[in-house]
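# Fold and contact review
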Amino acid sequence: MDKNQHDKFMRRAIELSEKASLIEKTGGVFGAVIVKDNKIIAEGYNQVTKQNDPTWHAEMQAIREACKKLGSPHLDGCILYTSAESCPMCMATAYWAHINQIYYGALVEDAKKYGNFQDVDIYKELKKEAKDRKIKCTEILRDEAVEVWKKFAEMPNHVHY
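Figured I'd write up the structure that's included with this text. (Residues numbered from 1 in each chain as written. Predicted model: local features only at pLDDT ≥ 70, side-chain atom pairs only at ≥ 80, totals over all residues. Heavy atoms only, no water.)

## Digging into the sheet that holds strand β1 (residues 31-36)
The sheet built from four strands is open, its strands ordered β2-β1-β3-β4 with mixed pairing. The open sheet is flanked by β2 (39-45) and β4 (101-106), the only strands paired with a single partner. Taken pair by pair, the neighbouring strands of this sheet meet at an average axis angle of 15°, ignoring direction. Note that β1 and strand β3 (residues 78-84) share five bridges and pair antiparallel. Bridged to A32 within β3 is T82. Packing against the sheet, helix α3 (residues 58-70) makes contact with β1, β2 and β3, and its axis sits at approximately 140° to β2. (Pairing = 2+ DSSP bridges. Helix = DSSP H or I, 4+ residues; strand = E, 2+ residues; numbered from the N terminus. Axes fitted to C-alpha atoms, helices over the stretch in contact; angles between N-to-C directions. Contact = heavy atoms within 4.5 Å.)

Written as structure tokens, this is what we have:
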């Protein structure tokens, strides 16, 4: 793919970020598109405040739509263009979806500087031991939970992704 194609797809992601933040005012300055075979197959823009849903990020919406369109939880051969570096949730989802490559515009630091988005703080939290995080994480009833995992492992044809 040539530079003009990459620029075209990134410009669409940036247009969607403007739609989210300045035009519809549905959330932060985030837009995303997913491309396969040089064609946009899905788009998304931030709608966190409109939907009252902290997971309604541009990348999440685009990934959901692309998976539906392709009929698979995996997006092998797809490229994600996003107007800003992905937050930890969106980055993890890109891995789960098997996105091949990500192109991004603004940096996490830009989102913090101009929009007070705290992704940098989340990255720092995730590096800590679970017991030392702001949101405390405590293991409980592991044996009972693992029993279901054991039954799942023994099941023929269990779902694996």
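There's more to say after this.
## A short note on the pairing of β4
With five bridges connecting them, β3 and β4 associate as parallel partners. By the bridge assignment for β4, A84 is matched with A106. In this fold, the crossover linking β3 to β4 by way of helix α4 (residues 88-96) has right-handed handedness. (Right-handed = clockwise from strand over helix to strand, strands pointing away.)

## Some words on the pairing of β1
Buried residues dominate β1, accounting for five of its six residues. In the sheet, β1 pairs with β2 via six bridges, with the strands oriented antiparallel. The residue of β2 that forms the bridge with G31 is Y45. Counting the residues between successive antiparallel strands, the hairpin from β1 to β2 contains two residues, one of them, D37, with a positive phi of roughly 55°. (Buried < 20%, exposed > 50% of the residue type's maximum accessible area, 1.4 Å probe, protein only.)

## Details of the nonpolar core
Formed by 18 residues in total, the largest nonpolar core has its most connected members in I34, I41, I63, A66, L75, C78 and I99. Only β1, β2, α3 and β3 provide two or more residues apiece to this core. Looking at this core element by element, the count peaks at five residues for α3. One finds M10, L16, Y45 and Y81 within the second-largest nonpolar core, a separate group that totals 10 residues. (Core = buried A, V, L, I, M, F, W, Y, C linked by side-chain atoms within 4.5 Å.)

## Observations regarding the packing of α3 against α4
Running from amino to carboxyl end, α3 crosses α4 at an angle of 25°, the nearest separation of the two axes being 9 Å. Overall, the two elements α3 and α4 adopt an arrangement that is roughly parallel. Seen from above, α3 lies across α4 with left-handed handedness. For the pair formed by α3 and α4, the contact residues are E59, M60 and I63 on the first element and M89, C90, T93 and A94 on the second. For the contact of α3 with α4, the class distribution of residues is five nonpolar, one polar and one charged. (Parallel < 35°, antiparallel > 145°, perpendicular 65-115°, else oblique. Left-handed = near helix turned anticlockwise from the far one by under 90°. Nonpolar A, V, L, I, M, F, W, Y, C, P; charged D, E, K, R; others polar.)

## A closer look at the packing of aromatic side chains
Taken as a whole and assessed by the stated rule, the structure comprises four aromatic pairs. For the ring pair F30 and F117, a centre distance of 5.1 Å and an interplane angle of 90° mean the geometry is edge-to-face. Separated by 87 residues along the polypeptide, F30 in the loop between α1 (3-23) and β1 and F117 in the loop between α5 (108-115) and α6 (119-127) bring together distant segments of the chain. A residue is classified by how much of its surface remains accessible, and F30, at 11% relative accessible area, is buried. Taken together, a centroid distance of 5.1 Å and an interplanar angle of 10° make the contact between Y81 and Y103 stacked. Placement of Y81 in strand β3 and of Y103 in strand β4 is noted, with a sequence separation of 22 residues between them. For Y81, a relative accessible area of 1% corresponds to the buried category. Of the residues examined, Y103 reaches a relative accessible area of 26% and is grouped as partly exposed. Grouping aromatic residues by their ring pairs yields a cluster made of F9, Y81 and Y103. (Phe/Tyr/Trp six-rings, centres within 6.5 Å; stacked < 30°, edge-to-face > 60°.)

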